[in-house]
Amino acid sequence: MSEIVIITGGSRGIGAATARLLGAKGSCVVVNHRHSQASAMEVVADVERLGGRALAVQGDVGTEADVMNLFEQTERVFGTPTGLVNNAGIVGSRKRRIEDMDVATMTEVMRVNVIGALLCAREAAKRMSTRHGGAGGVIVNVSSIGALTGSPFTFMDYAASKGAMDTFNQGMATELAAYGVRVNGVRPGLIDTDIHASAGMEDRVNKVGAKMPVGRAGSALEVAEVIAFLLSPASSYVTGTMINVSGGVR
Ligand code: NAP
């Protein structure tokens, strides 16, 4: 049986790299996206060219009805999912201190990064857990090294949302361990994707990359490789863990 993996935010960056990697392994990949339909369709085409099967499903992970539709479309086209990558995430607006934070940005960051990931995990658990007649599965939460550093002077609200993700990664892993579902996560460091430009910091990777312990930013593929490991049977005795993919930042 081939793997059926839902990747939230699979249209760009780390999610897209993960989709392509899983496609090359012959998986069925569901490429969720919110706005970037053209990018999602490119990822779908790449996955199919690489030997997998793929489906793009538009939807906002922070909206319950969209999450329900994401899982329903997955079941309709491929069957019960065996994996979920909780990858969709936003940093909010540009660099700021606590005094400069606005409630609209804070609320949106929490809605997408925390509520979105919890909603998707809930729907995955309902389908994968042997407690509900499922056949087991794997959830991978894409957190951030900011959960450990707190991201002072830049994205403290974002870092707090990822701290929440680290916490529910642990709780969910324990709840689901006896029911065939492994729950792990990755904490990327500075990774070269569009996310920095979306926060108005286009030059961040060039400016900060050399200051990383390994002397450079990471690539989306370097994170995808670790996500793929956590999804695979090679990590069958690993649950409740977060792996830093951060070039030595901790
Ligand atoms: P990215 O290049 O900005 O891509 C973000 C992806 O998330 C896009 O596919 C986007 O889809 C999707 N997305 C955003 N909001 C969504 C929503 N409400 N519903 C559904 N999809 C949504 O970001 P990235 O750098 O690959 O980041 C991926 C994950 O890694 C995030 O959780 C991020 O916090 C984490 N991370 C990244 C870094 C880094 O340096 N890049 C570091 C630490 C952690 P659309 O374009 O269609 O809206």
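Structure: see above.
Residues numbered from 1 in each chain as written. Predicted model: local features only at pLDDT ≥ 70, side-chain atom pairs only at ≥ 80, totals over all residues. Heavy atoms only, no water.

A.B. asks: Got a sec to walk through the site of the ligand? Specific residues and values, please.
C.D. replies: The environment of the ligand is made up of 31 residues, and the closest members are S11, S36, N87, Y158 and T193. Contacts to the ligand include D60, whose side-chain N or O atom sits 2.8 Å from a nitrogen atom. A distance of 2.5 Å separates an oxygen atom of the ligand from a polar atom in the side chain of T193. Out of a free accessible area of 890 Å², the ligand has 96% covered by protein chains. For the shell around the ligand, the secondary structure elements donating two or more residues are α1 (13–24), β2 (28–33), α6 (156–176) and α7 (195–198). A per-class count over the shell around the ligand returns 11 nonpolar, 15 polar and five charged. (Near = heavy atom within 4 Å. Polar contact = N/O pair within 3.5 Å; in protein donor to acceptor, adjacent residues only side chain to side chain. Areas by Shrake-Rupley, 256 points an atom, 1.4 Å probe, with all protein chains shown as cover. Helix = DSSP H or I, 4+ residues; strand = E, 2+ residues; numbered from the N terminus. Nonpolar A, V, L, I, M, F, W, Y, C, P; charged D, E, K, R; others polar.)

A.B. asks: I'd love a proper account of the pairing of strand β1 (residues 4–7), names of residues and values included.
C.D. replies: Regular strands place side chains that alternate from one sheet face to the opposite one. Residues I4 and I6 point to one face of β1 and V5 and I7 to the other, with burial holding for every one of them. In terms of strand pairing, β1 meets β2 through four bridges, oriented parallel. In the sheet register, V5 faces β2, and the bridge partner there is V29. Remark: the β1/α1/β2 crossover connection has right-handed handedness. Direction of pairing for β1 relative to strand β4 (residues 83–86): parallel, over a ladder of three bridges. Within β4, the position partnered with I6 by the bridge is L84. (Buried < 20%, exposed > 50% of the residue type's maximum accessible area, 1.4 Å probe, protein only. Pairing = 2+ DSSP bridges. Right-handed = clockwise from strand over helix to strand, strands pointing away.)

A.B. asks: I'd like a rundown of the sheet that holds strand β7 (residues 242–245), residues and numbers included.
C.D. replies: The strand order across the open sheet built from seven strands is β3-β2-β1-β4-β5-β6-β7, with neighbouring strands paired in parallel fashion. For this open sheet the edge positions go to β3 (53–58) and β7, each flanked by a neighbour on one side alone. Averaged over all neighbouring strand pairs, the angle between strand axes comes to 15°, with direction disregarded. Both β4 and strand β5 (residues 137–142) contribute to a ladder of four bridges, which runs parallel. (Axes fitted to C-alpha atoms, helices over the stretch in contact; angles between N-to-C directions.)

A.B. asks: Requested: an account of the packing of aromatic side chains, with residues and values cited.
C.D. replies: Counted according to the given criterion, the structure contains one aromatic pair. Taking 6.2 Å as the distance between ring centres and 75° as the angle between the ring planes, the aromatic pair formed by F155 and Y158 counts as edge-to-face. The same class applies to F155 and to Y158, which are both buried. (Phe/Tyr/Trp six-rings, centres within 6.5 Å; stacked < 30°, edge-to-face > 60°.)

A.B. asks: Go over the environment of M110 with me, naming the residues and quoting the values.
C.D. replies: Along the chain, the position of M110 falls in helix α4 (residues 103–128). Of the residues examined, M110 reaches a relative accessible area of 32% and is grouped as partly exposed. On a C-alpha basis, the gap between M110 and G62 in space is 9.0 Å, while along the polypeptide they are 48 residues apart. With sequence-adjacent residues up to four places away left out, M110 is seen in contact with I115, D157, A160 and S161. (Contact = heavy atoms within 4.5 Å.)

A.B. asks: Residue-level account of the state of the cysteines, with values.
C.D. replies: According to the stated counting rule, one finds zero disulfides in the structure shown. The cysteine C120 is free of any disulfide, with C28 supplying the nearest cysteine sulfur at 19 Å. (Disulfide = S-S within 2.5 Å.)

A.B. asks: So, the side chain of N141: which residues are in play, and what are the values?
C.D. replies: Tracing the backbone through its elements, the reader meets N141 in strand β5. When its relative accessible area of 0% is taken as the criterion, N141 is described as buried. A distance of 3.0 Å separates the side chain of N141 from the side chain of N86, its partner in a polar contact. Each residue touching N141, except ones within four places of it in the same chain, is listed here: N86, M165, F168, N169, M172, V183, N184, G185, V186 and M242.

A.B. asks: Explain helix α3 (residues 64–77) to me, using residue names and the numbers behind them.
C.D. replies: Look at α3: 20 Å from first C-alpha to last across 14 residues, which is about the 20 Å you get at 1.5 Å a residue. Among the residues of α3, those classed as buried are V67, L70, F71 and T74. Angular distribution of buried residues about the axis of α3 spans 85°; they occupy a single face of the element. Exposed side chains of α3 directed beyond 90 degrees from the buried face belong to A65 and R76. Where α3 is buried, its residues meet β1, β2, β3, β4 and α4. (Expected span 1.5 Å × (residues − 1). Arc of directions from axis to C-beta.)

A.B. asks: Give a description of the layout of surface pockets that names residues and reports values.
C.D. replies: In this approach the atoms are scanned with a rolling probe the size of a water molecule, which exposes any empty space left behind. If you add up the space inside the second largest pocket, you get close to 200 Å³. Looking at the second largest pocket, the residues that line it are L118, A121, R122, A125, S129, R131, H132, M172, E175, L176 and Y179. Among the elements that line the lining of the second largest pocket, the one with the most residues is α4, at four residues. Tallied by class, residues from the lining of the second largest pocket come to six nonpolar, two polar and three charged. (1 Å grid on protein atoms, 1.4 Å probe; cavity = no way out; pocket = protein on both sides within 12 Å on 5 of 7 lines; lining within 4 Å. Points joined across faces, edges and corners; volume = space filled by probe spheres on them.)

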